[in-house]
Amino acid sequence: MTTDTLLETSGLCKHFGGVKALDQVDFSLAKGELRCLIGPNGAGKSTFFKTVTGQYAPTSGTVFFKGQPIGGLETSAIAKRGVGIKTQVPNVFDGLSVRENVWVAVRSTKDRRERDEIVQSTLVRMGIDHIANVTVGQLAHGQRQFVELSMVIAEDPELILLDEPAAGLSSEETVRLAEIIHELNRDHALIVVEHDMQFIRMIGQKVTVFHQGKILVEDTTDAILSNERVRDVYLGKSAA
Amino acid sequence: MILKRTYIELTAVTLIALFALIVFPKFAQFYTIISSTIYVSLAILALSLAFIWGYGGILCFGQAAFFGLGGYAYAVGAWNFDATVYGALLAVIVPTVFAAALGYFMFYGRLSDVYLGVITLTVTLILFKLVNSTGGDAYAIGKAKLGGFNGMPGTPLLENPLTEEVLSPHALYGLAVVLLFFSYLLCKAVLASRFGRVVVAIRENETRAELLGYDARPYKLIFFSIGAGLAGISGMLFANAVFVAPTMFDMASTARILIWVIVGGLGTLVGPVIGCISLLMITTYLGKTGFVDPNIALGVILIVFVLLVPRGILPLLDDGLNWVLERLKISREKSGGRVL
Amino acid sequence: MDYVIVLILQVLYSVASLALICAGLAVVFGMMRVINLAHGEFIMLGGFTAVFATQAGIPIVISMLIIAPFVVGFVGLLAEQLVVRFLYGRMIDTMLATWGLSLLLIGAATMLFGNSVAGISAPFGSFKVGQYGVSFYEMFVVAVTVGIMIIGFCVLRYTKLGLIARGTMQNPEMASSLGISPSRVYSITFAIGAALSGLAGALLAPLSGVLPTMGKAFVAKAFITVISGGEAILVGLISASGLLGAFSTLATFATTPVIGDAALLFAAIVLLRFLPNGITGRFFRGSI
């Protein structure tokens, strides 16, 4: 492990009964890197995220974040060290307003005024300040995605995990999302799980392909898109 | 809009508190003052459950346990210390510490709602049995004989710490009103704080809160303990207005607290207080006439509200008020349009 | 030596009576994930039924083993049809509504039967172990409890009803796929649970006396034992009753019955801290 490494797993396994959802995953992410994860359904991408964030305890293997072991820690403890996630299904506080949602996400300061400023600037940056006082439960799916994304941005973690952020977004919203991701990448490391190859092309630099709980191959976007093995397991249907 | 609503609520509550404190005792009869003291002290109990269940989402079927512990802690303290005010302090400390210990097992075991309800209820019932079995001289803490089934009548009453005079029934009533008001303000202040907002967020979505770096367990534990402390204050006042007895831990005692909250409206603070006082008046009346067993009335009310009015009365009134306001606005716009 | 035998018999009786008062609750919880807070009142109704039937001249064993379960089972069916079935999937509301039912039944019983203890004397007499007297009736209660467990096991394991029941426990849609509506399974389950509670109340009536408010003497133990057992009905019930019943009886022998109850509760809370899903949530998984 070099000092430039932000996240590293070695021999990471997660089994459910007899199913090996993660099987000896050795993964490494540099500081400030933007990485895409792809793979067919059930390849282990979401399980990988949940193991990194502590929602699942690893069956075996280690997870290092900033050189510290975090495998098996409480979810909140891992989040405090600087791992933020936007989950696959919008995971928000439905009974609270948009502003309150983002307000809760700010942990960097205890000062009320500073907090309010961070909240306001995040809302403006994400273009949702006009719905700031609406209860989140009443919003459409796409807007809820942006609310959750705003929460992660307001939280300002060193590593941002995005699980299918483009799902259910309009094409306009998708373009906007790609811009946001590039913007975030200036001072954050990101891992993005995505199905939409179009979207991967928009944001992609380096791509890791998961298959049956293992890392199949890791390469640049272009190389991955022309890789035969990847086509066989996954792209055969959707990249045509 | 939200701020305005909070402002209206605070003003209304303050006005009612001032009325209850200054105007009401001028014309109320002596007997009414005494029963009002009981109602107000129990209203704090309703408030405590409204707080932890309505905002913290903590399903506590054992609020009566903290109420009873508060009452008994006061009684034991009042018998043993020179100044009864130390008993009052004990009445807050004992339930809070007990709740923290119980909460450790429940929240750190990450037990679900249903289990929480069952455990808190069970704790209450066992405490009832324990206290009920303390008859005889063998069961005494210092000078305080626990008295088993008979409770502890004749416990020294609260004194004014400055003059060392025992509080008159009117003064006790005034103290109860003031404590209810400040308990309400405390709840409001906690909910407006960062801590309170995080607790509400945890109730909304615990996973999300944890993914944002908030460990739900200590938040719930502290919130739960605050509610227990409030219930302890209620028990202390009750011990002064009536006297402590094992029925404070009774299953019926804990059930009616839930009923007050459900009838008044879960997720509000004012509703359960209203629910508490109005239901106490109804059950007292029923008890006097002896026509229907109060348990039947409470049972039917609980079933009917859960099945038909699950949100309680206050949200219903709120909806009604909004509906009327909307109508007024529409008709004003219409008539305004005609003039122009 | 005699003392040890008596102690063992006492532990046996305590465990059996604990399992008995939990059985109805465990069936409803295991099958429907419903905590029935009117459980104690079903026990109370069973007690009253047995007392009245016996006083009316029906042989005591018949009033206890047949009439009480039927009457209370019918009350349970009514309660399910009128209240509980509107609340499936809303666990907390179900608990609250059944609590309302509990208060209603206590109030009704107080008005109808009065607030005094009714009782029947225990049949069968007693036998001697050395210098200690042991009641035959307590051993009869143990035998009936063992009988219920065996019947329960056979029904769940070998009959179509048991297959449906186990299916519904795993997955409510499974019952639909077998051509039976889950709502019917739930009605029947609730009635069977109530009948078992009625049976428990009837069997305990000669020992404890019957009173409108007697339910609360049992429910605390019953609730905590059932959730400590976890979701598998039989194994959970037997393991939790065995563990907690034995522990509390030993504590009772060392101190007083009330301390014994408190010890049971304390043991259960510590147990749930480390096994939040109960004993069968960790051990004996997939059992019935």
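Residues numbered from 1 in each chain as written. Chains lettered and ligands numbered in written order. Predicted model: local features only at pLDDT ≥ 70, side-chain atom pairs only at ≥ 80, totals over all residues. Heavy atoms only, no water.

Peer 1: Teacher, can you tell me more about the overall build of chain A here?
Peer 2: Looking only at helices and strands, chain A features nine helices and 10 strands. Taken over the C-alpha trace, chain A has a radius of gyration of 18 Å; the compact-globule value for 240 residues is 18 Å, and the two agree within 12%. For the C-alpha atoms alone, the extent of chain A along its principal axes is close to 50 × 40 × 35 Å. The contacts of chain A with a sequence gap of at least 6 include a subset with a gap of at least 24, amounting to 66%. Surface exposure of chain A reaches about 10,400 Å², of which carbon and sulfur atoms provide 46%. Charged side chains in chain A number 26 positive and 31 negative. The centres of these two groups are separated by 4 Å. (Helix = DSSP H or I, 4+ residues; strand = E, 2+ residues; numbered from the N terminus. Rg over C-alpha atoms; globule rule 2.2 N^0.38 Å. Contact = heavy atoms within 4.5 Å. Areas by Shrake-Rupley, 256 points an atom, 1.4 Å probe, with all protein chains shown as cover. Lys, Arg positive; Asp, Glu negative; His and termini not counted. Charge placed at Lys NZ, Arg CZ, Asp CG, Glu CD.)

Peer 1: Where do I start with the interface of chain A and chain B in this structure?
Peer 2: Between chain A and chain B, the residue contacts involve 29 residues of the former and 19 residues of the latter. Carbon and sulfur atoms supply 56% of the area that chain A and chain B bury against each other, a total of about 2,100 Å² over both sides. Where chain A meets chain B, there are three salt bridges. Across the salt bridge formed by Arg208 of chain B and Glu148 of chain A, the nearest N and O atoms sit 2.4 Å from each other. (Buried area = accessible area lost by both parts, 1.4 Å probe. Salt bridge = Lys/Arg side-chain N within 4 Å of Asp/Glu carboxyl O.)

Peer 1: Before we go on, may I ask you to explain the pairing of strand β3 (residues 34–38) of chain A in this structure?
Peer 2: As a general feature of sheets, a regular strand has side chains that alternate between the two faces. All names here are of chain A. Most of β3 sits out of view: five of its five residues are buried. Every second residue of β3 is oriented toward a common face, with Leu34, Cys36 and Ile38 on one face and Arg35 and Leu37 on the other, all of them buried. In this sheet, strand β8 (residues 189–193) lies alongside β3 in parallel orientation, the contact comprising four bridges. In the strand pairing of β8, Leu34 is matched with Leu190. Note that β3 and strand β9 (residues 206–211) share four bridges and pair parallel. Its bridge partner lying in β9, Cys36 is registered against Val207. (Buried < 20%, exposed > 50% of the residue type's maximum accessible area, 1.4 Å probe, protein only. Pairing = 2+ DSSP bridges.)

Peer 1: Help me understand helix α5 (residues 141–155) of chain A in this model?
Peer 2: Each turn of an α-helix holds 3.6 residues, which means side chains three or four residues apart point in the same direction. Residues and elements named next belong to chain A. Compared with an ideal rise of 1.5 Å per residue, which puts 15 residues at 21 Å, α5 spans 21 Å between its outermost C-alpha atoms and is within 8% of the ideal. α5 sits mainly inside the fold: 13 of its 15 residues count as buried. Directly after α5, the chain includes Asp156, whose backbone phi takes a positive value near 55°. (Expected span 1.5 Å × (residues − 1).)

Peer 1: It is not clear to me how the sheet that holds strand β10 (residues 214–220) of chain A should be interpreted in this structure. Could you clarify?
Peer 2: Two orientations exist for strands paired in a sheet by backbone hydrogen bonds: parallel and antiparallel. Residues and elements named next belong to chain A. The six strands are arranged β6-β7-β8-β3-β9-β10 in an open sheet whose pairing can be described as mixed. Edge positions in the open sheet fall to β6 (83–86) and β10, since each of these has one partner strand only. Each neighbouring strand pair of the sheet contributes to a mean axis angle of 20°, computed without reference to strand direction. For β9 and β10, the ladder comprises six bridges, and the chain directions are antiparallel. Within β10, the position partnered with Phe210 by the bridge is Ile215. Running over the sheet, helix α2 (residues 75–82) touches β6 and β7 (159–163) and is turned about 105° from β6. (Axes fitted to C-alpha atoms, helices over the stretch in contact; angles between N-to-C directions.)

Peer 1: Please clarify how the interface of chain C and chain B should be interpreted in this entry.
Peer 2: With 42 residues of chain C at the interface, the matching set in chain B holds 42 residues. Across the interface of chain C and chain B, roughly 3,900 Å² is buried in total on both sides, 82% from carbon and sulfur atoms. Area buried by chain C at its contact with chain B is led by Trp99, Leu103 and Arg273 of chain C, which between them contribute 19% of it. Taken together, chain C and chain B are joined by one salt bridge. Salt-bridge contacts for Lys216 of chain C lead to Asp250 of chain B; the nearest nitrogen and oxygen are separated by 3.2 Å. Taken together, the links from chain C to chain B amount to one residue pair in polar contact (both at pLDDT 80 or more). Listing elements by their share of the side of chain C that touches chain B, those giving two or more residues are α4 (91–113), α9 (215–229) and α11 (257–274) of chain C. Counting residues per element, the side of chain C that touches chain B draws most heavily on α4 of chain C, which supplies 16 residues. (Polar contact = N/O pair within 3.5 Å; in protein donor to acceptor, adjacent residues only side chain to side chain.)

Peer 1: Honestly, unusual backbone geometry in this entry has me stumped. Any pointers?
Peer 2: Negative phi characterises most residues that are not glycine, and trans characterises most peptide bonds. All names here are of chain A. Located in the positive-phi region is Glu164, a residue other than glycine, with phi close to 50°. Along the chain, Glu164 turns up in the loop between β7 and α6 (171–185). Phi angles above zero are rare outside glycine, and Gln212 is one such case at about 50°. Mapping Gln212 onto the fold places it in the loop between β9 and β10. Residue classification places Gln212 among the exposed residues on the basis of a relative accessible area of 58%.

Peer 1: Honestly, a nonpolar patch on the surface in this entry has me stumped. Any pointers?
Peer 2: All names here are of chain B. On the surface, a cluster of nonpolar side chains totalling about 650 Å² of accessible area is made up of Leu15, Leu18, Phe19, Leu21, Ile22, Val23 and Phe27. Within the secondary structure, Leu15 is located in helix α1 (residues 2–27). Accessibility expressed as a relative area gives 55% for Leu15, which makes it exposed. (Patch = residues over 30% accessible without salt bridge, like charges linked within 9 Å, V, L, I, M, F, W, Y side chains within 5 Å.)

Peer 1: Which parts of the structure should I look at to understand the packing of aromatic side chains?
Peer 2: What characterises a pair of aromatic rings is the spacing of the ring centres plus the angle enclosed by the ring planes. Across all of its chains, the model carries 26 aromatic pairs over all chains by this definition. An aromatic cluster is present here, built from Phe51, Phe195, Tyr214, Tyr219 and Phe223 of chain B joined pairwise through their rings. Looking at Arg115 of chain A, its charged tip hangs above the ring of Trp103 of chain A, at a distance of 4.3 Å from the centre. Cation over ring: Arg197 of chain B sits above Trp103 of chain A, and NZ or CZ is 3.9 Å from the ring centre. (Phe/Tyr/Trp six-rings, centres within 6.5 Å; stacked < 30°, edge-to-face > 60°. Lys NZ or Arg CZ within 6 Å of the ring centre and 35° of its normal.)

Peer 1: Got a minute to help me understand the arrangement of the chains in this structure?
Peer 2: Here two pairs of chains make contact, and the pair sharing the most contacts is chains B and C. Across all C-alpha pairs, the smallest distance from chain A to chain C is 12 Å, and the two are not in contact.

Peer 1: What is the right way to read the packing of helix α3 (residues 63–80) of chain B against helix α4 (residues 85–108) of chain B from this model?
Peer 2: In a pair of packed helices, the angle between the axes and the distance between the axes together describe the arrangement. Residue and element names in this part refer to chain B. With their axes 7 Å apart at the nearest point, α3 and α4 run at an angle of 140° to one another. Between α3 and α4, the angle is such that the two are oblique. For the crossing formed where α3 meets α4, the hand is right-handed. Contact residues: α3 offers Phe66, Leu69, Gly70, Ala73, Tyr74, Gly77 and Ala78, while α4 offers Gly87, Ala88, Leu90, Ala91, Val94, Pro95, Phe98 and Ala99. The class makeup of the residues in the contact of α3 with α4 is 12 nonpolar, three polar and no charged. (Parallel < 35°, antiparallel > 145°, perpendicular 65-115°, else oblique. Left-handed = near helix turned anticlockwise from the far one by under 90°. Nonpolar A, V, L, I, M, F, W, Y, C, P; charged D, E, K, R; others polar.)

Peer 1: What am I meant to see in the confidence of the model for chain A here?
Peer 2: Do not read the predicted coordinates in detail wherever pLDDT is low. For chain A, per-residue confidence averages 84 on the pLDDT scale, and 96% of positions sit at 70 or higher. Under a pLDDT of 50 for its full length, residues 236–240 of chain A has, in the predicted model, two contacts with residues more than four places off or in other chains. (pLDDT = per-residue confidence, 0-100.)

Peer 1: Sorry, what's going on with the environment of Gly87 of chain B here?
Peer 2: Residues and elements named next belong to chain B. Take Gly87: it is sitting in helix α4. Separated by 149 residues in sequence, Gly87 and Met236 place their C-alpha atoms 8.4 Å apart. Among all residues touching Gly87, those that are not within four sequence positions of it are Ala73, Tyr74, Gly77, Ala78 and Phe81.

Peer 1: Is there a simple way to think about the sheet that holds strand β4 (residues 60–65) of chain A in this case?
Peer 2: All names here are of chain A. Read from one edge to the other, the open sheet built from four strands follows the order β2-β1-β4-β5, with strand pairing classed as antiparallel. Looking at strand neighbours, the two that pair on one side only are β2 (19–30) and β5 (68–69), the edges of this open sheet. Of the pairings in the sheet, the one linking strand β1 (residues 5–16) to β4 comprises five bridges and is antiparallel in character. Along β4, the bridge assignment pairs Leu7 with Phe65. Docked against the sheet, helix α1 (residues 45–53) engages β1 and β2, running at close to 115° with respect to β1.

Peer 1: What's the story with the packing of α4 of chain B against helix α5 (residues 113–132) of chain B in this structure? I'm lost.
Peer 2: All names here are of chain B. Running from N to C, α4 and α5 point in directions that differ by 140°, and their axes come no closer than 11 Å. Taken together, α4 and α5 sit at an angle that is classed as oblique. Considering the relative orientation of α4 and α5, their crossing is right-handed. Residues Phe98, Leu102, Met106 and Phe107 of α4 form the contact with α5, whose own contacting residues are Leu116, Ile119, Thr120, Val123 and Leu127. Within the contact of α4 with α5, the residues separate by chemical class into eight nonpolar, one polar and no charged.

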